[in-house]
Amino acid sequence: MLQQILHDMYIDPELLAELSDVQKHILFYKMREEQLRRWREREAWEVVAQAEGLRPPKVKRGMWLGAASDKHIRWLLGADGEVWVWIMGEGPGDKPYEEISEELIAERARLQAQREAEELWRQKEAEITKKFRDALANEKARILAEKWKVEMEDRKAAKVLEERIREEFKRKEEEERRRGEEQIRLREEQRAKELYWTLKQAQLQSHARENEEREWEEQLRRSKAADEERSCRAQRARDEYRRHSLRAIQKGTVAGLSSMFRELGQSHEQEARLYHHLPGPGPPPRLAIPVSRTWERPLRPVSREVIVRWFKEEQLPRRAGFERNTESIAPWFHGIISREDAEDLLKNMTEGAFLVRVSEKIWGYTLSYRLQKGFKHFLVDASGDFYSFLGVDPNRHATLTDLIDFHKEEIITVSGGELLQEPCGQRDSPPDYHLLFE
């Protein structure tokens, strides 16, 4: 699937939406690397062709086309038969460019000043509320202390005094609020004018700089920055690939492949040739389980019926979805369910919970992973004779179970640190994968 994307230099938008942020970054840099490789290959061919006289040297073309050129320009003509020309701001009903620019700057300044004024008013209101709440509390405490000192007949007078003081504080608070609102309003108007002139000056300076700078200098700077970033990411990808490869060797991935060949009835002599490269009839066997394809698979899934047939024709012979060395379906395996259904199953589980569902976007699967806050979804490419994460993990696994077991001990990405811990099983009966095994 990744090779097809790099060959076409195109990815379907629906498939792109299924990728995580890490997968999108890696795919972008792989496509950028492929572009540079093609460009260098074409430039090298041009140099060789010119050196051998196969092609004449490149000549920059001017604005006028030669008589031998087969390219022509045809201008759009107006009602008067002349070339039709439209100048922005001079047509009927058009606003002048300066007026449009002025309106945009004024609107931006007004919105910015309004946001700042709202923030200042929230602060001012909080200060006013706290000020009078504290003052009222202190006054009530003082009155309460005095009330216990007076006789019973004076308590009613103290209550009246308290109410009068409360009204007085309330009146002062309202006056303070009105003054604060007026100050904020004046500040908003002043700030809008300041921002207008600031943005106006910035616009004028920007136009002046754009007229002075050369386009090729900006392109060169961006290209160098992109190449440096691509080199850093490529180095990190190579380091992670080396770490995964060493770990796969320690776990004995080849021994797992040997067990699968024994399940398919391979003889001991074939296993010896596989691991020790002993001579034997025919070419040495491949590391992946061969699948006899009896149907013509489309480029991508087009319906659920086609996905079910693909699973039965290609995946069942490879023991996809089964536990290792048993006839039991793995607890983490699910059928053709949506992203929303997967997240609903995982929402009440802890971080590290996961499930594997049959994808409707590619020939493969989607591993849905529970984060502490949220979820992640990784595409698993099964279009070839191996299983691997699309654009994330360079390791290739002979079976889907090998991929899951590997990442129970090894993280999926360095940045996320995802480790498969608890499988998410079925919730309904019959299970959501029953159509795949009928």
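Check the entry above for the structure.
On a predicted model such as this, the values are computed, not experimentally measured, just so you know.

Draft legend 1. Summary view of the overall build of the protein. Counting secondary structure elements, the protein contains 11 helices and five strands. Taken over 438 residues, the protein has a buried fraction of 30%. Partitioning the intrachain contacts of the protein with sequence separation of at least 6 by distance along the chain shows that 55% fall at a separation of at least 24. Accessible area for the protein stands at about 29900 Å²; split by element, carbon and sulfur atoms hold 54% of it.

Draft legend 2. Up close: the environment of Leu299. As for its position among the elements, Leu299 is in the loop between helix 8 (268–276) and helix 9 (304–315). Residue classification places Leu299 among the exposed residues on the basis of a relative accessible area of 79%. Residues Leu299 and Ile362 lie 63 residues apart in sequence; the distance between their C-alpha atoms is 8.8 Å.

Draft legend 3. Representation of a nonpolar patch on the surface in the model. On the surface, a cluster of nonpolar side chains totalling about 570 Å² of accessible area is made up of Ile73, Trp75, Leu77, Val83 and Val85. One can find Val83 in the loop between helix 3 (21–51) and helix 4 (97–147). According to the relative accessible area criterion, Val83 is partly exposed, its value standing at 42%.

Draft legend 4. Structural view of helix 3. In a regular helix each residue adds 1.5 Å, so 31 residues correspond to 45 Å; helix 3 covers 45 Å between its end C-alpha atoms and thus fits that length. Turning to helix 3, its buried residues number three or more, namely Gln23, Leu27, Tyr29, Met31, Glu34, Leu36, Glu46 and Ala49. Just past helix 3, the residue Gly53 takes up positive phi, approximately 80 degrees.

Draft legend 5. Summary view of unusual backbone geometry. Following Ser429, the chain continues into Pro430 via a peptide bond in cis, with omega recorded as 0 degrees. On the secondary structure map, Pro430 appears in the segment after strand 5 (422–423). Even without glycine at this site, Met9 takes up a positive phi of about 50 degrees. For Met9, the position within the fold is in the loop between helix 1 (2–8) and helix 2 (13–18). Positive phi values are uncommon outside glycine, yet Asn325 reaches one of about 60 degrees. Relative to the helices and strands, Asn325 resides in the loop between helix 9 and helix 10 (339–346).

Draft legend 6. Structural detail: the pairing of strand 3 (residues 375–381). Taking burial as the measure, the seven residues of strand 3 include six buried ones, the bulk of the element. Pairing geometry for strand 2 (residues 364–370) and strand 3, over seven bridges, is antiparallel. Within strand 3, the position partnered with Leu367 by the bridge is Phe378. With antiparallel pairing between neighbouring strands as the criterion, strand 3 and strand 4 (residues 388–389) make up a hairpin whose turn holds six residues.

Draft legend 7. Layout of the environment of Pro423. In this structure, Pro423 sits in strand 5. Sequence spacing of Pro423 and Ala353 is 70 residues, and the spatial spacing of their C-alpha atoms is 5.6 Å. Every residue in contact with Pro423, bar those within four places of it in the chain, is listed here: Pro331, Trp332, Met349 and Phe354.

Draft legend 8. Main features of the packing of aromatic side chains. Counted by the stated rule, this structure contains 14 aromatic pairs. Summarising the aromatic geometry, the rings of Phe333 and Tyr433 are spaced 6.1 Å apart at their centres and angled 45 degrees between planes, so their arrangement reads as tilted. Taken together, the positions of Phe333 in the loop between helix 9 and helix 10 and Tyr433 in the segment after strand 5 put the pair 100 residues apart, joining distant regions of the chain. Neither Phe333 nor Tyr433 differs from the other in exposure class; each is buried. Aromatic rings pair up to connect Trp310, Phe311, Phe322, Trp332, Phe333, Trp363, Tyr365, Tyr387, Tyr433 and Phe437 into one cluster. Positioned over the ring face of Phe386 is Arg396, at 4.0 Å from the centre of the ring.

Rules of the game
- Residues numbered from 1 in each chain as written.
- Predicted model: local features only at pLDDT ≥ 70, side-chain atom pairs only at ≥ 80, totals over all residues.
- Heavy atoms only, no water.
- Helix = DSSP H or I, 4+ residues; strand = E, 2+ residues; numbered from the N terminus.
- Buried < 20%, exposed > 50% of the residue type's maximum accessible area, 1.4 Å probe, protein only.
- Contact = heavy atoms within 4.5 Å.
- Areas by Shrake-Rupley, 256 points an atom, 1.4 Å probe, with all protein chains shown as cover.
- Patch = residues over 30% accessible without salt bridge, like charges linked within 9 Å, V, L, I, M, F, W, Y side chains within 5 Å.
- Salt bridge = Lys/Arg side-chain N within 4 Å of Asp/Glu carboxyl O.
- Expected span 1.5 Å × (residues − 1).
- Pairing = 2+ DSSP bridges.
- Phe/Tyr/Trp six-rings, centres within 6.5 Å; stacked < 30°, edge-to-face > 60°.
- Lys NZ or Arg CZ within 6 Å of the ring centre and 35° of its normal.

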